[in-house]
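Residues per chain are reported as follows:
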Amino acid sequence: MDEQALLGLNPNADSDFRQRALAYFEQLKVSPDAWQVCAEALAQRTYSDDHIKFFCFQVLEHQVKYKYSELSTAQQQLIRETLISWLQAQMLNPQPEKTFIRNKAAQVFALLFVTEYLTKWPKFFFDILSVVDLNPKGVDLYLRILMAIDSELVDRDVVHTSEEARRNTLIKDTMREQCIPNLVESWYQILQNYQYNNSEVTCQCLEVVGAYVSWIDLSLIANDRFINMLLGHMSVEVLREEACDCLFEIVNKGMDPVDKMKLVESLCRVLQTAGFFSIDQEEDVDFLARFSKLVNGMGQSLIVSWTKLIKNGDIKNAQEALQAIETKVALMLQLLVHEDDDISSNIIGFCYDYLHILKQLSVLSDQQKANVEAIMLAVMKKLTYDEEYNFENEGEDEAMFVEYRKQLKLLLDRLAQVSPELLLASVRRVFSATLQNWQTTRFMEVEVAIRLLYMLAEALPVSHGAHFSGDVSKASALQDMMRTLVTSGVSSYQHTSVTLEFFETVVRYEKFFSVEPQHIPCVLMAFLDHRGLRHSSAKVRSRTAYLFSRFVKSLNKQMNPFIEDILNRIQDLLALSPPENGYQSLLSSDDQLFIYETAGVLIVNSEYPAERKQALMRNLLTPLMEKFKILLEKLMMAQDEERQASLADCLNHAVGFASRTSKAFSNKQTVKQCGCSEVYLDCLQTFLPALSCPLQKDLLRSGVRTFLHRMIICLEEEVLPFIPAASEHMLKDCEAKDLQEFIPLINQITAKFKIQVSPFLQQMFMPLLHAIFEVLLRPAEDNDQSAALEKQMLRRSYFAFLQTVTGSGMSEVIANQGAENVERVLVTVIQGAVDYPDPIAQKTCFIILSKLVELWGGKDGPVGFADFVYKHIVPACFLAPLKQTFDLADAQTVLALSECAVTLKTIHLKRGPECVQYLQQEYLPSLQVAPEIIQEFCQALQQPDAKVFKNYLKFSVRLRPTWST
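Everything in this summary refers to the structure shown in the same document. Worth saying up front: this structure is predicted, and the values here are computed from it rather than measured.

Cut-off values and rules
- Residues numbered from 1 in each chain as written.
- Predicted model: local features only at pLDDT ≥ 70, side-chain atom pairs only at ≥ 80, totals over all residues.
- Heavy atoms only, no water.
- Helix = DSSP H or I, 4+ residues; strand = E, 2+ residues; numbered from the N terminus.
- Rg over C-alpha atoms; globule rule 2.2 N^0.38 Å.
- Buried < 20%, exposed > 50% of the residue type's maximum accessible area, 1.4 Å probe, protein only.
- Contact = heavy atoms within 4.5 Å.
- Areas by Shrake-Rupley, 256 points an atom, 1.4 Å probe, with all protein chains shown as cover.
- Lys, Arg positive; Asp, Glu negative; His and termini not counted.
- Charge placed at Lys NZ, Arg CZ, Asp CG, Glu CD.
- Expected span 1.5 Å × (residues − 1).
- Phe/Tyr/Trp six-rings, centres within 6.5 Å; stacked < 30°, edge-to-face > 60°.
- Lys NZ or Arg CZ within 6 Å of the ring centre and 35° of its normal.
- Axes fitted to C-alpha atoms, helices over the stretch in contact; angles between N-to-C directions.
- Parallel < 35°, antiparallel > 145°, perpendicular 65-115°, else oblique.
- Left-handed = near helix turned anticlockwise from the far one by under 90°.
- Core = buried A, V, L, I, M, F, W, Y, C linked by side-chain atoms within 4.5 Å.
- Disulfide = S-S within 2.5 Å.
- Nonpolar A, V, L, I, M, F, W, Y, C, P; charged D, E, K, R; others polar.
- Salt bridge = Lys/Arg side-chain N within 4 Å of Asp/Glu carboxyl O.

1. Structural notes on the overall build of the protein chain
Part 1 of the reasoning: When its secondary structure is counted, the protein chain shows 45 helices and 0 strands.
Part 2 of the reasoning: Computed over its C-alpha atoms, the radius of gyration of the protein chain comes to 38 Å, more than 25% above the 30 Å expected for a compact globule of 965 residues.
Part 3 of the reasoning: Taking the principal axes of its C-alpha atoms as reference, the protein chain extends roughly 95 × 90 × 65 Å.
Part 4 of the reasoning: The 965 residues of the protein chain split such that 52% are buried.
Part 5 of the reasoning: Relative to all contacts within the protein chain whose residues are 6 or more apart in sequence, the contacts with residues 24 or more apart total 72%.
Part 6 of the reasoning: A total of about 44400 Å² of accessible surface is found on the protein chain, and carbon and sulfur atoms cover 51% of it.
Part 7 of the reasoning: Looking at the protein chain, you have 94 positive and 121 negative side-chain charges, and the mean spots of the two groups are 5 Å apart.

In structure tokens form, the structure reads like this:
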């Protein structure tokens, strides 16, 4: 062995040594006989360094995993002997090996086991047991090997091939026949020998039993001697957690419903007699978390038994199962309400399934109704935040509580299905009592009271949020609570969680304000003052900006009396914050987007005449335009790159804000109808000069391009005079990404305005293509994947552009580019269909080709196009599917083939018998296609139903190798 390289295995070695060790490891992996050196080193205990031992096992692991079949019988025998020798040596070692070495050794044993057990090493377990006997060091390794084998055979987290899965099933079947009873006996002996003097080995053994019980005969474990021993372990502090988990696995095993019920009930009787059901006496929360999981397993097992028995019509036993379930509810409730959330979380599954049973019963007994109420009270209590929750800096504990709350919400929803009236009454009682005295109540109780009202909206589902119509008692209860919420003054509570819950609930029940609009002013004030948008917490301000936008949008018909007041009050929140003034804006630029959108919604949906709307929109956007001009000048002068970036960022925000206001317009309220065209045209005039700014051009172009997209929708043809100059600027010094983002803009204009933009398109068609070709032809490194991906995406964009032009009835734009350019364009489409293994682009290319054939393929088409069809388009329809890269297992390729079929059908439609004759007599024979296949193909092509030909083509492409004679 290279001793110098081995030095690098030490975690404290410097990086050069570590690199050398890594290189050495790779070298040993590929060397045909290096593993033998490692095997010898392990068998003869050549090295004392733990990292070298681990390294040797890694080399052996690689050999067994990837190269075992290449070894001779003698070499395979050597590996077996090496491992057994190493195992024997462990019996004599004064100190056991480090855990990480034992685990790695166990993995190698397990890999060898799955490879050899069915063929060369059927006595694997007997050989190992004969070496380890009851030696504690040996037993430890034996148990680790068993866990590693279980992991190889049944671990669902490990992805297995279908062949491995079949092999694993066969191994398990063979083990059940040949050795499982012996293994179970060995576990019993280990547990009996070590339960009082070696807790570590005992716990390991319990873990093995728990793992194997899922796939071995349960009667080997679920019998008096094993169960009594496990129950005994439940009273031993160091063993009881593992014993709990082991019992859980036993209970979870699928079996006959009546037998399962008997097993669970006998376990419960013993556990209850031993005092385990007295939860309040137990202080060890780690044990209680495991115990809660066990009770959950027992409860859910009984519910599965009940469900099966009901399905089988066995009413007597089903009644017994239900009785057994009911007797566990008191314990379930104790665990559900436990102050430790892990303990509570572990029992939620049982609780949820129990409620599902109650939902199916036609009548509930008084006890069952009391249980429902008790679960409801437990959920309400457990939803409450604790004192330690850190609202300002939420970490892992907080994230876990949020997840736990989601589980409780599912319980609440299920409670609503069982007894909606009871849930509504309980929430109302808690809510009213809490809000009556909110000033003197702790924040977590106030928050949960409002939260419960919020949760009712989903728990009591209605269509389109119509909670305040229909069922009178429900509507009046919710109306009552909402009235209390908005008039109690609780929005002034000094805690962020209460404030946020207030606003979330107000927006969730926005329909309330249509019923009682008199409350809108006080809620608007809450949004606009220190309780909402001007709150001291940035988190509250940010969330409120979004909720305010939703509130105004949903109630826009009721907003008219307040519009100007709101616009005045939000004036300072709309200010663009340039980097140099040092003023920290209350809202981030993302939050400001919502405020600008809200302002736009208020103006556009107001009942004002068009002139007033125009004046208000101008007041809103003029400060942005003025600031934009000043900042653009400053950017042109800026020297420092950081300052340039922050100025460009600010300019981009200005464009984004103006763009966002336009989202308020709709088909009913267009820009023109609102008299706002002029304002947005002024914005365009202001923003377009940024396209010629040489600094930070990516950011500025991106912002202006997005604004143009919006204006094409909003201003319609009024935007057209601005497009040529904007396009010219955007095509200067552009990269692949710029073009990729520019082409959708041209596509949008082409598809929307069609013939109106024909002169513009004809003028910019070749400049755009030259820019695209120039980027595509740039040399790039062979292994530069990002450059290759950019080119692929640009190629797709280019073909999408041609598809838009041809699909919008604008083929004359291409036809008028001169014969040479037209041919160049057509050739690129043929290349896209055939040469690049990109099915998305291929599909688009065939769509373009079929459209061009439809437009130009008739007798009066452009000169020379018919020749092009036969020389290039027809061959493309065959060459593309014949390529090995044309993979019909891929959905996009299937779509490409479908479009290829459409192209051939269109050629036949336009050229008639001439096309069939060409295929039969010239083209297909030139490919050496068998005459009977040619005949079949042409018959399918001539079928009037296009589907017939598509299916034929799909079928025949799958038979590619059989085409030739």
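We are not done yet, so read on.
2. Description of helix α13 (residues 240-252)
Part 1 of the reasoning: Between its first and last C-alpha, α13 extends 18 Å over 13 residues, near the 18 Å set by a 1.5 Å rise per residue.
Part 2 of the reasoning: Among the residues of α13, Arg240, Glu242, Ala243, Cys244, Asp245, Cys246, Leu247, Phe248, Ile250 and Val251 are the ones counted as buried.
Part 3 of the reasoning: For α13, the elements touching its buried residues are α11 (199-212), α12 (224-233), α14 (257-273) and α15 (285-312).

3. Focus: the packing of aromatic side chains
Part 1 of the reasoning: The final tally for this structure, using the stated rule, is 45 aromatic pairs.
Part 2 of the reasoning: Centroid distance Phe401 to Tyr404: 6.1 Å. Interplanar angle 50 degrees. Geometry classified as tilted. Here the residue Phe401 and the residue Tyr404 both occupy positions in helix α20 (residues 396-418), the gap between them amounting to 3 residues, near one helical turn.
Part 3 of the reasoning: The buried category is assigned to Phe401, whose relative accessible area is 9%.
Part 4 of the reasoning: For Tyr404, a relative accessible area of 3% gives the class buried.
Part 5 of the reasoning: One aromatic cluster in this structure is built from Phe502, Phe503, Phe512, Phe513, Phe527, Phe548 and Phe551.
Part 6 of the reasoning: Seen from the ring of Tyr188, Arg225 lies directly overhead, with NZ or CZ sitting 4.0 Å from the centre.

4. A few points about the environment of Val472
Part 1 of the reasoning: Relative to the assigned elements, Val472 resides in helix α23 (residues 472-487).
Part 2 of the reasoning: Look at Val472 and you get exposed, because its relative accessible area is 63%.

5. Let's talk about the packing of helix α3 (residues 34-43) against helix α5 (residues 73-92)
Part 1 of the reasoning: In contact at an axis separation of 9 Å, α3 and α5 are set at 25 degrees when each is read in the N-to-C sense. Regarding the angle of α3 to α5, the classification is roughly parallel. Our pair here, α3 against α5, has a crossing hand that is left-handed. Two secondary-structure elements touch here, α3 through Trp35, Gln36, Ala39, Leu42 and Ala43 and α5 through Gln75, Leu78, Ile79, Thr82, Ser85 and Trp86.

6. Let's talk about the nonpolar core
Part 1 of the reasoning: Residues Met175, Trp187 and Phe291 are the most contacted members of the largest nonpolar core, which totals 342 residues.
Part 2 of the reasoning: Ranked by residue count, the leading element in this core is helix α22 (residues 443-459), at 13 residues.
Part 3 of the reasoning: Leave out the neighbours within four places in its chain, and Phe291 touches Met234, Cys244, Leu271, Phe276, Phe277, Ile279 and Leu331.

7. Some points on the state of the cysteines
Part 1 of the reasoning: The final tally for this structure, using the stated rule, is 0 disulfides.
Part 2 of the reasoning: Cys674 provides the cysteine sulfur closest to Cys676, a residue in no disulfide bond, and the two sulfurs are 5.4 Å apart.
Part 3 of the reasoning: Given a relative accessible area of 1%, Cys676 falls into the buried group.

8. A word on the packing of helix α30 (residues 610-637) against helix α31 (residues 641-661)
Part 1 of the reasoning: Orientation of α30 relative to α31, taken along the N-to-C sense of each, is 155 degrees, at an axis distance of 10 Å. Looking at the two axes, α30 sits roughly antiparallel to α31. Here α30 and α31 pass one another in a crossing that is left-handed. Along the contact surface, α30 presents Leu620, Leu621, Leu624, Phe628, Leu631, Leu632, Lys634 and Leu635, while α31 presents Arg643, Gln644, Leu647, Ala648, Cys650, Leu651, Ala654, Val655, Phe657, Ala658 and Thr661.
Part 2 of the reasoning: Classifying every residue of the contact of α30 with α31 by side-chain character gives 15 nonpolar, 2 polar and 2 charged.

9. Thoughts on the side chain of Thr202
Part 1 of the reasoning: Mapped onto the secondary structure, Thr202 falls in helix α11.
Part 2 of the reasoning: Residue contacts for Thr202: discarding those within four places in its chain leaves Leu191, Tyr194, Gln195, His233 and Leu239.

10. Here's the deal with the pattern of salt bridges
Part 1 of the reasoning: Under the criterion given, the structure shown has 47 salt bridges.
Part 2 of the reasoning: Among the ionic pairs, Asp284 bridges to Arg240, the shortest N-O distance being 3.4 Å. Of the two residues, Asp284 sits in the loop between α14 and α15 while Arg240 sits in helix α13, which places them 44 residues apart along the sequence.
Part 3 of the reasoning: Among the salt bridges present, the one from Arg543 reaches Glu504, with a minimum N-O distance of 2.6 Å. Residue Arg543 is found in helix α27 (residues 538-554), and its partner Glu504 is found in helix α24 (residues 496-508); the two are separated by 39 residues along the sequence.
Part 4 of the reasoning: Several salt bridges converge on common partners, so that one network encompasses Asp50, Lys53, Glu97 and Lys98.

11. A look at unusual backbone geometry
Part 1 of the reasoning: Phi is positive for Asp133, close to 50 degrees, though the residue is something other than glycine.
Part 2 of the reasoning: Mapping Asp133 onto the fold places it in the loop between α7 (124-132) and α8 (136-154).
Part 3 of the reasoning: The backbone of Gln928 shows a phi angle near 60 degrees, a positive value even though the residue is not glycine.
Part 4 of the reasoning: In this structure, Gln928 sits in the loop between α43 (913-926) and α44 (931-941).

Geometric descriptors of this kind do not, in isolation, establish any biological role.
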